[in-house]
Amino acid sequence: MRVDFKCRVGVLLLNAARESELVRICQEFVRIPSSSGNERQMGAFVRDVMLSLGYDKAEIDPCGNVIGTVFFDDEGPCLLFEAQMDHVEVAGPFEWEFYPFGGVLKKGRIYGRGATDQKGSLAAMICAASFLKEDRDPGCSGRVAVAATVHQEKIEGASSRFVCNSQRPDLVVSGEASALRIERGQRGRAEIVVETLGKTAHSAHPEYGINAANHMIALISLISGSYRPVSHPFLGDGILELTKLASSPAAATGVVPSKCQAVFDRRVLMNETRDGVLSQIEQIIREACGRIPGLKASARISSSEERCYTGTQIKGENFVPGWILEKKHPFVEKCLKGLERAGLPPEVADRPGFGTNGCYYGGVMKIPTVAFGPSFQDLAHITDEYIETEQLLKGCLGYYGIAGSVLGT
């Protein structure tokens, strides 16, 4: 498939050689296993690719992110393109038709784990910045930084702190699969842990104990019946969904459980705070104590701590706020202008995106942020994950157009 495009100064952006190079790089990325915490080989290869494509600088930061920079001049904004290097584990590899790390190209699709989430976006970003530099449009000013980040699947936004601190971006594009539409916001996320405490006893004589699991079942029922999600006209509902349930002692048999833990995924809307989100559940627990005899329960925001392949530990609470830009925000309008000049439909998605590191840039740091990327969200994490080469090539065109528009060409 050919996707030709002439930029303003008359230089062909995607010719046969560039198309072939982009497809090959995407295939090579997919061929490198890089689950969270195991991105070392991928990171080294990404850095080498950036340098081979003429980046002015490509470095690996303390937690293993790879950050490449293309400079145009000292004046002008810093535009950050970010996509994750890590991917979810491969479950049931024998259920795959194609080897998960084969990078097989067949009938216009590149197959493999991470092809859509987000190695295709990463390859397209890296090539777009390189091609823009090669084309040497004199109207460009500022710089493009491309960050390939670690541990996104395990602890959202944590590694992005390192990128933000070193690059100080003015504007951010997250490489979410968005079907080549601009996503101008997304819900944030909180992981809430609810625990009930009881008293152990032999299960043959449960009357001597207090069954924490039974208390949890009753409490979950009350939470389900009492919780009323807040809502936002664009972001939707602040849903609360039970995702895990476990009692302890886990290994024992014939024992009344003394502890039970439930984990809820809570989607966070604009202007919701950590304390406000948590207090909703705490209020329900207080009310439940008057209805469930002997109930001892608590709620907290969970924390995560992960060791990067470099040895650096990243940690933090599992709470990130939502973010949204107005449809007429100058950054959104520049992105749309760039897509139009690249020959792509200048479309803003009519629904918010999935969870990405954009929650850190847009939600925590309040940096104007959008998500844009090739491929489709329903292809992420699936068996026989793939990206269409047409989407990949158009994604590169989109990043090229966005960068050119933002940097002033």
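Because the structure is a prediction, the values reported are computed rather than measured.

Focus on the overall build of the protein
Okay, so step 1: In terms of helices and strands, the protein carries nine helices and 20 strands.
Okay, so step 2: The globule rule puts the C-alpha radius of gyration for 409 residues at 22 Å, and the 24 Å found for the protein is close to it.
Okay, so step 3: Judged by the C-alpha coordinates and their principal axes, the protein covers about 80 × 45 × 35 Å.
Okay, so step 4: Burial analysis of the protein (409 residues in total) assigns 55% to the buried set.
Okay, so step 5: Accessible area for the protein stands at about 17400 Å²; split by element, carbon and sulfur atoms hold 49% of it.
Okay, so step 6: Charged side chains of the protein number 45 positive and 49 negative; the gap between the two group centres comes to 2 Å.

Regarding the packing of helix α1 (residues 16-30) against helix α2 (residues 40-52)
Okay, so step 1: At a minimum axis separation of 10 Å, α1 and α2 run at an interaxial angle of 165 degrees. The angle between α1 and α2 places the two elements in the roughly antiparallel class. Two packed elements cross with a definite hand, and for α1 against α2 that hand is right-handed. Listed contacts from α2 to I25, E28 and F29 of α1 are M42, F45, V46 and V49.
Okay, so step 2: Grouping the constituent residues of the contact of α1 with α2 by class yields six nonpolar, no polar and one charged.

Quick look at the packing of aromatic side chains
Okay, so step 1: Within this structure, the stated rule accounts for seven aromatic pairs.
Okay, so step 2: Relative to F101, the ring of Y99 has its centre 6.0 Å away and its plane inclined at 80 degrees; by these criteria the two rings are edge-to-face.
Okay, so step 3: For Y99, a relative accessible area of 55% corresponds to the exposed category.
Okay, so step 4: Here F101 falls in the buried class, since its relative accessible area comes to 16%.
Okay, so step 5: Pairing Y111 with Y386 gives two aromatic rings, centres 5.5 Å apart and planes at 50 degrees, and the pair type is tilted. Of this pair, Y111 sits in strand β5 (residues 109-111) while Y386 is found in strand β20 (residues 386-388), placing the two residues 275 residues apart along the sequence.
Okay, so step 6: Assessed through its relative accessible area of 10%, Y111 is described here as buried.
Okay, so step 7: By way of ring pairs, the aromatic residues F81, F372 and Y399 are connected into one cluster.
Okay, so step 8: The ring of Y386 is capped by R109, whose NZ or CZ atom sits 4.0 Å from the centre of that ring.
Okay, so step 9: In this arrangement the basic side chain of R184 is found over the ring face of F234, its NZ or CZ atom lying 4.2 Å from the centre.

Calculation rules
- Residues numbered from 1 in each chain as written.
- Predicted model: local features only at pLDDT ≥ 70, side-chain atom pairs only at ≥ 80, totals over all residues.
- Heavy atoms only, no water.
- Helix = DSSP H or I, 4+ residues; strand = E, 2+ residues; numbered from the N terminus.
- Rg over C-alpha atoms; globule rule 2.2 N^0.38 Å.
- Buried < 20%, exposed > 50% of the residue type's maximum accessible area, 1.4 Å probe, protein only.
- Areas by Shrake-Rupley, 256 points an atom, 1.4 Å probe, with all protein chains shown as cover.
- Lys, Arg positive; Asp, Glu negative; His and termini not counted.
- Charge placed at Lys NZ, Arg CZ, Asp CG, Glu CD.
- Axes fitted to C-alpha atoms, helices over the stretch in contact; angles between N-to-C directions.
- Parallel < 35°, antiparallel > 145°, perpendicular 65-115°, else oblique.
- Left-handed = near helix turned anticlockwise from the far one by under 90°.
- Contact = heavy atoms within 4.5 Å.
- Nonpolar A, V, L, I, M, F, W, Y, C, P; charged D, E, K, R; others polar.
- Phe/Tyr/Trp six-rings, centres within 6.5 Å; stacked < 30°, edge-to-face > 60°.
- Lys NZ or Arg CZ within 6 Å of the ring centre and 35° of its normal.

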